[in-house]
Amino acid sequence: MNAYISIDPLLAQGISRSMMTLYERDAGVVCYEVALLGNRDATHVAEFVTGLLASDLDWIWESAPAHPPTNGHDGLELSRERPATMLNDVTASALATDMVEVDEDNYLRFMGLFATARGQGSPELLEPRTGAIEEFCHERGPIQLAIIQIGDSPTEHVFVPHHLHPAVRGLLEGWGVHPASVHKRRPYRRLRMASLESLYPAPRG
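Heads up: these notes are all about the structure in this document. (Residues numbered from 1 in each chain as written. Predicted model: local features only at pLDDT ≥ 70, side-chain atom pairs only at ≥ 80, totals over all residues. Heavy atoms only, no water.)

Points about a positive patch on the surface
Working step 1: Together, Lys184, Arg189, Arg190 and Arg192 make up a region of like positive charge exposed at the surface.
Working step 2: Looking at arginine 189, the relative accessible area reads 67%, which means it is exposed. (Patch = residues over 30% accessible without salt bridge, like charges linked within 9 Å, V, L, I, M, F, W, Y side chains within 5 Å. Areas by Shrake-Rupley, 256 points an atom, 1.4 Å probe, with all protein chains shown as cover. Salt bridge = Lys/Arg side-chain N within 4 Å of Asp/Glu carboxyl O. Lys, Arg positive; Asp, Glu negative; His and termini not counted. Charge placed at Lys NZ, Arg CZ, Asp CG, Glu CD. Buried < 20%, exposed > 50% of the residue type's maximum accessible area, 1.4 Å probe, protein only.)

Below, the structure is given as structure tokens:
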């Protein structure tokens, strides 16, 4: 998990779902850049998490402060790096908190949220040794969707394969995320450091 990156061009405010960008390619996952959580109102975030729980999918997430911790936060208590955690009724409030927590510079946490078919999820899937994220980048394996929150961005990056799991298709339709709704189309390579392969590089050797 490469948490400490900055995507400065994404700092513009007021981005809405009507300004959705699709980063596309012929082979490998594609990416929708979209403001799923809007202004991160607590009620909206709670409803979003409830929707994830109600989907026919397993969810695993991990998160970390957008920048390395520093001394002198003026009393601001920030959660430390959260290891891979399964979403369930008990952990739902922790996910909602991770989605809205900001640091002294008003940066959100870096977060990677991954979905699999029901019964196929486990925290171990996010460990580099399993190769599950690398497999997903090539549209293989148990992972069916990834949502990445980058600390200084008002948008989320939603990575999906070309052939969607039915539960993923239903979620995207509910969120208004589909090719007919995009505002801009760009080559996937334009994601640069925000590509899933850059954020979760494959282990060497």
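Don't stop here, the text continues.
Thoughts on the side chain of threonine 155
Working step 1: When you line up the elements, threonine 155 lands in the loop between strand S6 (143-149) and strand S7 (156-160).
Working step 2: A polar contact of 3.2 Å, which involves the side chain of threonine 155, links it to the side chain of glutamate 33.
Working step 3: Within the local environment of threonine 155, its side chain forms a polar contact with the side chain of serine 153, the two groups lying 2.8 Å apart. (Helix = DSSP H or I, 4+ residues; strand = E, 2+ residues; numbered from the N terminus. Polar contact = N/O pair within 3.5 Å; in protein donor to acceptor, adjacent residues only side chain to side chain.)

Comments concerning unusual backbone geometry
Working step 1: Backbone geometry at asparagine 106 places phi at a positive 65 degrees, although glycine is not the residue there.
Working step 2: By the secondary structure assignment, asparagine 106 is in the loop between helix H2 (92-100) and strand S5 (110-117).
Working step 3: Despite not being glycine, arginine 192 shows a phi value in the positive range, around 50 degrees.
Working step 4: With respect to the element layout, arginine 192 can be found in the loop between strand S8 (184-187) and helix H5 (196-199).

Some points on the environment of valine 177
Working step 1: Note that valine 177 resides in the loop between helix H4 (166-175) and S8.
Working step 2: On a C-alpha basis, the gap between valine 177 and leucine 36 in space is 9.1 Å, while along the polypeptide they are 141 residues apart.
Working step 3: When near neighbours in sequence (up to four residues on either side) are disregarded, valine 177 contacts Met20, Tyr32, Val34, Leu36 and Leu172. (Contact = heavy atoms within 4.5 Å.)

Re the sheet that holds S8
Working step 1: Taking strand neighbours across the sheet as the criterion, the eight strands line up as S4-S3-S5-S6-S7-S2-S1-S8 in an open arrangement whose pairing is mixed. Two strands bound the open sheet, and with one partner strand each, they are strand S4 (82-86) and S8. Within the sheet, the average angular offset between the axes of one strand and its neighbour, ignoring direction, is 20 degrees.
Working step 2: Here strand S1 (residues 21-24) pairs with S8 via four bridges, running parallel. What sits directly across from leucine 22, in S8, is arginine 185. (Pairing = 2+ DSSP bridges. Axes fitted to C-alpha atoms, helices over the stretch in contact; angles between N-to-C directions.)

Description of the packing of helix H1 (residues 42-54) against H2
Working step 1: Viewed as axis vectors pointing N to C, H1 and H2 meet at an angle of 135 degrees, and their least axial separation amounts to 10 Å. Between H1 and H2, the interaxial angle falls into the category oblique. As for how H1 packs across H2, the hand of that crossing is right-handed. Facing H1, whose interface residues are Val45, Phe48, Val49, Leu52 and Leu53, H2 presents Ala92, Leu95, Ala96, Met99 and Val100.
Working step 2: Here the residues of the contact of H1 with H2 are counted per class, giving 10 nonpolar, no polar and no charged. (Parallel < 35°, antiparallel > 145°, perpendicular 65-115°, else oblique. Left-handed = near helix turned anticlockwise from the far one by under 90°. Nonpolar A, V, L, I, M, F, W, Y, C, P; charged D, E, K, R; others polar.)

Considerations on the packing of aromatic side chains
Working step 1: For the coordinates displayed, the defined rule picks out four aromatic pairs.
Working step 2: Geometrically, the ring pair formed by phenylalanine 48 and tryptophan 175 is stacked, given 5.2 Å between the ring centres and 25 degrees between the ring planes. In this pair, phenylalanine 48 sits in helix H1 while tryptophan 175 sits in helix H4, placing the two residues 127 residues apart along the sequence. Across this residue pair, the class does not change: phenylalanine 48 and tryptophan 175 are buried.
Working step 3: Measuring from centroid to centroid gives 6.4 Å for phenylalanine 110 and tyrosine 200, while their planes differ by 45 degrees, and the two rings are tilted. Of this pair, phenylalanine 110 sits in strand S5 while tyrosine 200 sits in the segment after H5; the two residues are 90 residues apart in sequence, bridging distant segments of the chain. (Phe/Tyr/Trp six-rings, centres within 6.5 Å; stacked < 30°, edge-to-face > 60°.)

Some words on H2
Working step 1: Among the residues of H2, those classed as buried are Ala92, Leu95, Ala96, Asp98 and Met99. In an axial view of H2, the angular spread of the buried residues amounts to 160 degrees, which keeps them on one side of the axis.
Working step 2: In this structure, the buried side of H2 is in contact with H1, strand S3 (57-64), S4, S5 and S6. (Arc of directions from axis to C-beta.)

Distances and angles like these do not, on their own, reveal function.
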